[in-house]
Amino acid sequence: MGLCRGGSTPCRARSTQEPFAAMRPVPNSLHDEAASRLREQIFAGSLPPGSFLDEAALCERLAVSRTPLREALKVLVAEGLLRHEPRRGCFVAEVTERDLDEIFPVIALLEGRAAHGATCRAGDADVAALQVLHQRLQQCAAEGRITDYYAANHAIHEAFITLADNRWLAQAIGDLRKILRLARLQQLHAPGRLQQSLAEHLAVFDALKRRDSEAAEAAMRTHLLHQREALRDVARNQQSRLNP
């Protein structure tokens, strides 16, 4: 056991036959299943922000009774994906610019800490698996395949969170990510952002390979904060097209 560079945290390399084993709860009831399906529909945009959820129609669509549906709605309200209005019902939550301004600094701190923990715990097999993911990311960027880049980007972030091996950190990040997905973020469409994002990812990975936990943490924080800046650029460009 060694020490991570830049601190006194023991650097415990994690050796495993299956790097980045998923830490996901398994649905175990009708309301869990209903919540999962509604969550997917919200993220896919088939239940857009601000839309009203008709309980009778949802019961028919999901093939469940009112009781498990209402339990599912409570779960999604607690997650921040829905808002409940007395005597009116549930609506899909809407994310404002202020929400984004408040969420990104928080998730930057959390994911930075995940990068720190991952750097301290990654074993050789984990580094090799991360290398494959980063090669995929580079290929998607080179070919301009933004949708595939998003998928590779998500896999890398998940890998760091899993390697950090902190369930409270993972839960807090997961909760905030759900809210951010409501905004249907398209920050990679900002001019130059794709290559900038790639360079930021490579900086985080380079710090991990050097076992420099503080550098990895700082680089991940910068990466998340730059995402918010890119979203502002996208919003400004969209507004300028609407109001020439």
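See the structure shown above.
Now for a quick tour of the structure.

Section: the overall build of the protein chain
Inference 1: Looking only at helices and strands, the protein chain has 9 helices and 4 strands in total.
Inference 2: Each helix and strand of the protein chain, ordered N terminal to C terminal, gives the series β-β-α-α-α-β-β-α-α-α-α-α-α.
Inference 3: Per-residue burial for the protein chain yields a buried fraction of 42% across its 244 residues.
Inference 4: Contacts in the protein chain between residues far apart in sequence, at least 24 positions, make up 76% of those at least 6 positions apart.
Inference 5: As presented, the protein chain carries roughly 13100 Å² of accessible surface, and 52% of it is formed by carbon and sulfur atoms.

Quick notes on the pairing of strand β4 (residues 89-92)
Put simply, side chains in a regular strand alternate between the two faces of the sheet.
Inference 1: In this structure, strand β3 (residues 82-85) lies alongside β4, joined through 4 bridges in antiparallel fashion. The residue bridging R83 from the neighbouring strand is F91, located in β4.
Inference 2: Hairpin connection from β3 to β4: 3 residues lie between these consecutive antiparallel strands, with R87 at a positive phi of about 65°.

What counts, and where the lines are drawn
- Residues numbered from 1 in each chain as written.
- Predicted model: local features only at pLDDT ≥ 70, side-chain atom pairs only at ≥ 80, totals over all residues.
- Heavy atoms only, no water.
- Helix = DSSP H or I, 4+ residues; strand = E, 2+ residues; numbered from the N terminus.
- Buried < 20%, exposed > 50% of the residue type's maximum accessible area, 1.4 Å probe, protein only.
- Contact = heavy atoms within 4.5 Å.
- Areas by Shrake-Rupley, 256 points an atom, 1.4 Å probe, with all protein chains shown as cover.
- Pairing = 2+ DSSP bridges.

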